[in-house]
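What follows is the residue order along each chain.
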Amino acid sequence: MSVNKKISDDNSKIIITISGRFDFSLHQHFRDSYTNCKEKNVEFTLNLSETTYMDSSALGMILLLKDHAESCSGKVIISKPSESVNKILKIAQFHRLLTIEL
């Protein structure tokens, strides 16, 4: 389980990659990956291609990221969720709240 952050050279994009299980144990690391960003119009990409499991607390953490991004006039894109993670996102109807790129 890990959270990795990559920032574009112009600070307009932040890619957050979750490897392994995405659950409450990652709460502080996940929060730390975006809360320092106060720039306007930042695009946060949440790369879930390496995520093997996600629970309801992870869904809540994604919503907190969405709130943070919107408070800075930014947006969140969920990128490449695995099949099992995408199923969870569909059940929670996250496709209505966020852009999900398969």
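The structure this text deals with has already been given above.
Residues numbered from 1 in each chain as written. Predicted model: local features only at pLDDT ≥ 70, side-chain atom pairs only at ≥ 80, totals over all residues. Heavy atoms only, no water.

K.L.:
In this structure, what is going on with helix H2 (residues 56-71)? I would like to understand it.
P.N.:
Side chains of residues three or four places apart in an α-helix project in the same direction, reflecting 3.6 residues per turn. Along its 16 residues, H2 runs 23 Å from first to last C-alpha, staying within 8% of the 22 Å computed at 1.5 Å per residue. Considered for burial, the residues of H2 that qualify are Ala-58, Leu-59, Met-61, Ile-62, Leu-65, Lys-66, His-68 and Ala-69. Those residues of H2 that are buried are in contact with strand S2 (13-22), helix H1 (27-32), strand S3 (43-47), strand S4 (51-54), strand S5 (75-79) and helix H3 (83-91). Among the residues trailing H2, Ser-73 stands out with phi positive, at a value near 60°. (Helix = DSSP H or I, 4+ residues; strand = E, 2+ residues; numbered from the N terminus. Expected span 1.5 Å × (residues − 1). Buried < 20%, exposed > 50% of the residue type's maximum accessible area, 1.4 Å probe, protein only. Contact = heavy atoms within 4.5 Å.)

K.L.:
Looking at this structure, how should I read H3?
P.N.:
Here H3 has its buried residues at Val-85, Asn-86 and Leu-89. In a view along the axis of H3, the buried residues occupy a sector of 100°, so they form one face of it. Exposed and oriented more than 90 degrees from the buried face of H3 are Glu-83, Lys-87, Lys-90 and Ile-91. The inward-facing, buried residues of H3 contact S4, H2, S5 and strand S6 (99-101). At the exit of H3 stands Gln-93, carrying a positive phi of roughly 60°. (Arc of directions from axis to C-beta.)

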